[in-house]
Amino acid sequence: MRVALVPELVGKLTGLGYEVAVQPGAGVGSLSSDEEYVESGAIIEDDLSSADVVVSVQPLDIATIRLLKQGTATVSFLPVSTELGLVADLRDTGVTSFAMELVPRISRAQSMDALSSQALVAGYRCAIVAAGMLRRFFPQNMTAAGTIQPAKVVVLGAGVAGLQAIATARRLGAVVSAYDVRAAAAEEIRSMGAKAIDLELETLEGAGGYAREMTEDRAARQRDLLAPHIAAADGLITTAAVPGRQAPMLVTSAMVEQMRPGSVVVDLAAETGGNVEGSVAGEVVRIGHAQVWGGRNVPSQMPGPASRLYAQNIVNILTLMTAKEGEPLFAPDFDDEIVAGSCVTHAGEIRHAPTREALE
Ligand code: NAD
């Protein structure tokens, strides 16, 4: 389990003038003890009622939100499209809430980009899971007893997580090829030492450098063209996503059934609909000859580094929201693009327009 602040970063917040309180046992899942927080200058405290700002990984539940004083701010992941009821509660209780998913992906905000920091952890983990499940070597081995060929790994989706999965599988010696619908991805795939699969289909760039959703016709053609690449792979890792939508279904169970005995499939998107038909979040299922691993809360499977990176993102965004001088200390400037972009609710209103419209 991840935690939103690690002991080594407590000093950054006390240095800004904050008093830092940590819930008892909050760091246990990521191997940080209450004693370490205290040694770093925090106090251990279970009562949130006097807090000005509450930082967490997952959003607070409504019972906890009702304990906060009027005007308290929360900073956490907050998947607005699936948490409309919670957003309405945050509005009605007068809480100012910020969603880390909504931090704009501009260069000034890179150090606050928790989607990227957690995707990096998840992508690495996917490659390690595939290597661990595959009952053969990733690298080529040339020995006196003969040569063992390297594993062939296909990665679908080459955003932050996919590129990290490619880099990790390459470091372990696998022969990697990858596909993404964005034109810019091909060069990024090659720069990681993998082969960019060219399906000769139109690319699908959407707003903000993200992918667009496929039409069903485009999806069917993509599946047909990818099928032989997947059938020839020992390992398949899927990381494709389209913001605000269900994960695209890229691989049917019939395609997985074409894979050889002993093959492994790792579906990072299993929790958000699945890139692979039949994958189940948090479980390993068998499809044909392949073992299919469905990702569930994957960054939390490496809670130490995931928490360290997330905590740094949190400290950076809090620093942006801290007054340079005077009172109050926590004083987000709503004219700042990062503050405005990540704000979900403030002063009894929903500030995030798509969520406001969805609730109307
Ligand atoms: P994401 O998690 O939304 O999606 C993962 C990947 O899946 C993307 O590369 C996307 O193109 C791909 N994908 C979607 N549909 C697909 C399909 N049908 N078939 C194959 N692949 C498909 O993306 P992300 O990792 O968050 O990154 C998205 C973009 O944002 C990238 O261009 C990345 O370089 C960019 N980015 C910019 C910044 C910044 O400027 N601060 C930070 C992080 C990422």
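Located above this text is the structure these notes cover.
Residues numbered from 1 in each chain as written. Predicted model: local features only at pLDDT ≥ 70, side-chain atom pairs only at ≥ 80, totals over all residues.

**Q** Help me out: how do you make sense of the overall build of the protein in this one?
**A** Scanning the protein for helices and strands turns up 12 helices and 16 strands. For 360 residues, the compact-globule estimate of 2.2 N^0.38 gives 21 Å, and the protein sits close to it at 22 Å. Projected onto its principal axes, the C-alpha positions of the protein cover 70 × 50 × 35 Å. The burial tally for the protein puts 42% of its 360 residues in the buried class. (Helix = DSSP H or I, 4+ residues; strand = E, 2+ residues; numbered from the N terminus. Rg over C-alpha atoms; globule rule 2.2 N^0.38 Å. Buried ≥ 20, exposed ≤ 12 C-beta atoms within 10 Å, placed from the backbone.)

**Q** What exactly am I supposed to notice about the nonpolar core here?
**A** Core analysis: the largest hydrophobic core is formed by 98 residues, its most contacted members being Cys126, Val153, Val155, Ile166 and Ile314. The greatest single-element share of this core, amounting to 10 residues, is contributed by helix H5 (residues 114–133). Sequence-distant contacts of Ile166, that is, excluding residues within four places in its chain, are made with Val155, Ala158, Val176, Ala178, Ile189, Met192 and Ala194. (Core = buried A, V, L, I, M, F, W, Y, C linked by C-beta atoms within 7 Å. Contact = placed C-beta atoms within 7 Å.)

**Q** Mind showing me how you'd approach H5 here?
**A** Given 3.6 residues per helical turn, the α-helix brings residues three or four places apart onto the same face. If you check H5, its first and last C-alpha atoms are 28 Å apart, about what 20 residues at 1.5 Å a residue would give, namely 28 Å. Across the 20 residues that make up H5, a large majority, 14, are buried. (Expected span 1.5 Å × (residues − 1).)

**Q** Would you mind showing me how to read the sheet that holds strand E11 (residues 235–238) here?
**A** Strands pair in a sheet through their backbones, by hydrogen bonds, and they do so in one of two ways: parallel or antiparallel. Spatially, E10-E9-E8-E11-E12-E14-E13 is the arrangement adopted by the seven strands of the open sheet, whose pairing is mixed. In this open sheet, the two edge strands, each paired with only one partner strand, are strand E10 (195–196) and strand E13 (284–287). Inspection of the sheet shows strand E8 (residues 152–156) paired to strand E9 (residues 175–179) by five bridges, in the parallel sense. The residue of E9 that forms the bridge with Val155 is Ala178. Each of E8, E11, strand E12 (264–267) and strand E14 (290–294) touches H5; the most contacted strand, E12, lies at about 160° to it. Docked against the sheet, helix H6 (residues 160–171) engages E8, E9 and E11, running at close to 165° with respect to E9. (Pairing = 2+ DSSP bridges. Axes fitted to C-alpha atoms, helices over the stretch in contact; angles between N-to-C directions.)

**Q** What exactly am I supposed to notice about the packing of H5 against H6 here?
**A** Packed helix pairs are characterised by how far apart their axes lie and by the angle those axes make with each other. At their nearest, the axes of H5 and H6 sit 7 Å apart, and the two run at 40° to each other. The orientation of H5 with respect to H6, classified from their angle, is oblique. H6 is crossed by H5, and the crossing has right-handed handedness. Contacts between H5 and H6 pair Ser116, Ala119, Leu120, Ala122, Gly123, Tyr124, Cys126, Ala127 and Ile128 from the former with Val160, Ala161, Gly162, Leu163, Gln164, Ala165, Thr168 and Ala169 from the latter. Of the residues that constitute the contact of H5 with H6, the class distribution is 12 nonpolar, five polar and no charged. (Parallel < 35°, antiparallel > 145°, perpendicular 65-115°, else oblique. Left-handed = near helix turned anticlockwise from the far one by under 90°. Nonpolar A, V, L, I, M, F, W, Y, C, P; charged D, E, K, R; others polar.)

**Q** How should I be thinking about the packing of helix H1 (residues 7–16) against helix H10 (residues 303–320) in this particular structure?
**A** At a minimum axis separation of 10 Å, H1 and H10 run at an interaxial angle of 10°. Judged on the interaxial angle alone, H10 and H1 are roughly parallel. Between H1, through Leu9, Lys12, Leu13 and Leu16, and H10, the contact on the second element is made entirely by Ala311, Gln312, Val315, Leu318 and Thr319. For the contact of H1 with H10, the residue count by class is six nonpolar, two polar and one charged.

**Q** Sorry, what's going on with the site of the ligand here?
**A** Close to the ligand lie 29 residues, the nearest being Gly157, Gly159, Ala211, Ala240 and Ala241. Of all elements in the fold, only H5 and H6 reach the threshold of two or more residues within the shell around the ligand. By residue class, the composition of the shell around the ligand is 18 nonpolar, seven polar and four charged. (Near = placed C-beta within 6 Å.)

**Q** It is not clear to me how the pairing of E14 should be interpreted in this structure. Could you clarify?
**A** Each regular strand displays side chains that alternate between the two surfaces of the sheet. Among the five residues in E14, four count as buried, and that is most of the element. Across four bridges, E13 lies against E14 in antiparallel orientation. Pairing of Ile287 across the sheet is with Ala290, part of E14. The hairpin formed by E13 and E14 contains two residues between the paired strands, and Gly288 there has a positive phi angle of roughly 60°.

**Q** Help me understand H10 in this model?
**A** For H10, which comprises 18 residues, the first-to-last C-alpha distance of 25 Å matches the rise-based estimate of 26 Å (1.5 Å per residue) to within 8%. Packing partners of the buried residues in H10 comprise H1, strand E3 (53–55), strand E4 (73–76) and H5.

**Q** Could you clarify how one ought to interpret the sheet that holds strand E5 (residues 96–99) in this entry?
**A** Spatially, five strands are ordered E3-E4-E5-E15-E16 in an open sheet, and the strand pairing comes out mixed. The sheet terminates laterally at E3 and strand E16 (349–350), the two strands that pair on one side only. Sheet topology places E5 next to strand E15 (residues 343–346); two bridges connect them, and they run antiparallel. Bridge pairing in E15 places Ser97 opposite Thr345. Across the sheet, helix H4 (residues 84–92) touches E5, E15 and E16, and the angle it forms with E15 is around 40°.

**Q** Help me understand the pairing of E11, please; the structure alone is not making it clear to me.
**A** Side chains of E11 alternate between two faces, with Gly235 and Ile237 and Leu236 and Thr238 buried alike. Direction of pairing for E8 relative to E11: parallel, over a ladder of four bridges. Looking at the pairing, Val154 lines up with Leu236 of E11. Pairing geometry for E11 and E12, over four bridges, is parallel. Paired with Ile237 across the bridge in E12 is Val266.

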